[in-house]
Amino acid sequence: MYDVTDHVGRVESVWDDVVEGLPLVGLLASLELRSLRSHDIADVVLEAPVPRPGKIIGAPANYYEHIHEMPDSATIREWGAFLKAPTSVTGPGSTVQLPYSDVRTDYEGELAVVIGRGGRNIAAEHALDHVLGYTCLLDITVRSTEDRSTRKSFDTFTPLGPWIVTSDELRDPGELELTLSVNGQLRQSTSTSTMIFGVEELIAYMSSVMTLERGDVIATGTPAGVGPIANGDRIDLSITGIGTLSVSVSDADAIPYLTRPGPKAGLYTD
């Protein structure tokens, strides 16, 4: 890991420039890395590459193979998009906190798109011009009866990382291999080429509903193989060209579902 602070300033002050994309990317590409301060990657703590996105926009049922695991056959075409709370974001090496001791909570491994240049009604053929880059995302989900945005918005429910690979380095998001393992056992494996809506279509569709802003994150959907997680589990999500996002799972603060505040809805167990 190379420290470029002396050249670009602190992250808090340059983030707007970072997500604007190419000017800063060009500066970084011109640096002689071997002349900079460096650290072994094992000696640093990585935080979420987008610590507080303005919006996290999810794409439900965006792989046909995943639809067979769901209680109905609707796809993203029927469901549309959903939102997750920005406060659900956490970084690589963090711990997913299970909220309930008696309700199933699932992993969902996904490719995430980070918007670099905002816009409204973006045409699909120009969509990739608005992308800063890509990262790995875990869409953790409680299987209860609440709305999607509730079941997916608990703190720690959106691990991101381990870093953003900029779009000049990863030019085709539609040809990536995604795998997810729990405790070393393979649970999900797919190619992003099998998404129902590709990245371009997702950006075009979502920007027709809401203005996309720099730093927004789009979760592109999960493939088949979704399953439950439990205390002590380790989740490893890998995407070719990006890297591996690893987190652990804890139930240290979990409570019985029906003791929570709010409406006492039933359980959704599918």
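The structure contained in this document is the topic of the report that follows. Per chain, residues are indexed from 1 in the order of the written sequence. In keeping with the predicted nature of the model, local features appear solely for residues at pLDDT of at least 70, side-chain atom pairs appear and are counted solely at 80 or more, and the whole-chain, interface and lining totals rest on all residues. For side-chain calculations, the full set of non-hydrogen atoms in the structure is used, while hydrogens and water are omitted.

With respect to the overall build of the protein chain
Numbering of helices and strands runs from the N terminus, with a helix taken as a DSSP run of H or I at least four residues long and a strand as a DSSP run of E at least two residues long. A tally of regular secondary structure across the protein chain gives seven helices and 15 strands. Residues counted as buried form 49% of the 270 residues belonging to the protein chain. Carbon and sulfur atoms provide 52% of the accessible area of the protein chain, an area that totals close to 12500 Å². A 1.4 Å probe rolled over the protein chains alone gives each residue an accessible area, and that area as a share of the maximum for its type sets the label: buried under 20%, exposed over 50%, partly exposed in between. Areas reported here follow the Shrake-Rupley algorithm with a probe of radius 1.4 Å; residue values treat only the protein chains shown as occluding.

Points about the pattern of salt bridges
A pairing counts as a salt bridge when a side-chain nitrogen of Lys or Arg comes within 4 Å of a carboxyl oxygen of Asp or Glu. Counting across every chain of the model gives 13 salt bridges. Among the ionic pairs, Arg-37 bridges to Asp-6, the shortest N-O distance being 3.3 Å. Pair noted here: Arg-37 is in the loop between α3 (22-30) and β1 (56-58) and Asp-6 is in helix α1 (residues 5-8), with a separation of 31 residues, a long-range link. Between Lys-84 and Asp-139 there is a salt bridge, and its shortest N-O distance comes to 2.7 Å. Of this pair, Lys-84 sits in strand β2 (residues 82-84) while Asp-139 sits in the loop between β7 (131-138) and β8 (141-142), placing them 55 residues apart in sequence. When sorted by exposure, Lys-84 lands in the same class as Asp-139, which is buried.

Looking at the sheet that holds strand β12 (residues 217-219)
Overall, mixed pairing links the seven strands, which are arranged β2-β1-β12-β6-β7-β9-β3 in an open sheet. Two strands close off the open sheet at either side, each with one partner strand: β2 and β3 (89-90). Sheet analysis places β1 next to β12, joined by three bridges and oriented parallel. Bridge assignment links Gly-58 to a residue of β12, and that residue is Ala-219. Two strands qualify as a pair provided DSSP detects at least 2 bridges between them.

What about the packing of aromatic side chains?
Each aromatic ring pair is described using two quantities: the centre-to-centre distance and the angle formed by the ring planes. For this analysis, a ring pair means two rings from Phe, Tyr or Trp (six-membered ring only for Trp) whose centres lie within 6.5 Å, classed as stacked if their planes differ by under 30 degrees, edge-to-face if by over 60, and tilted for the remaining angles. Taken as a whole and judged by the stated rule, the model has four aromatic pairs. When the centroid spacing of 5.7 Å and the interplanar angle of 85° are considered together, the rings of Tyr-100 and Phe-154 count as edge-to-face. Placement of the pair is Tyr-100 in the loop between β4 (95-97) and β5 (105-107) and Phe-154 in the loop between α6 (148-151) and β9 (158-166), with a sequence separation of 54 residues. Among the residues examined, Tyr-100 registers a relative accessible area of 9% and is labelled buried. With a centroid separation of 5.1 Å and 55° between ring planes, the pair formed by Phe-154 and Phe-157 is classed as tilted. Judged by relative accessible area, which is 24%, Phe-154 ranks as partly exposed. Aromatic rings pair up to connect Tyr-100, Phe-154, Phe-157 and Tyr-257 into one cluster. Note on criteria: charge over ring means Lys NZ or Arg CZ within 6 Å of the ring centre, with the direction from the centre no more than 35 degrees off the ring normal. In this structure, Arg-148 is placed above the aromatic ring of Trp-79, and the distance from its NZ or CZ to the ring centre is 4.4 Å. Over the aromatic face of Tyr-257 sits the side chain of Arg-260, whose NZ or CZ is 4.0 Å from the ring centroid.

A word on the nonpolar core
The set of buried Ala, Val, Leu, Ile, Met, Phe, Trp, Tyr and Cys residues whose side-chain atoms join them within 4.5 Å is what this entry labels a nonpolar core. Of all hydrophobic cores here, the largest spans 46 residues; its most connected members are Leu-138, Ile-203, Ile-218, Ile-229, Ile-235 and Ile-242. Contributions of two or more residues to this core are made by β6 (109-115), β7, β10 (177-182), α7 (199-209), β14 (234-239) and β15 (243-250). Ignoring sequence-local partners within four residues, the contact set of Ile-242 consists of Leu-111, Tyr-134, Thr-135, Cys-136, Trp-163, Val-165 and Leu-170. Core analysis: the next-biggest nonpolar cluster, separate from the first, contains eleven residues, Val-50, Ile-56, Val-89 and Val-114 among them. Only heavy atoms enter the contact rule, under which two residues are in contact if any of them lie within 4.5 Å.

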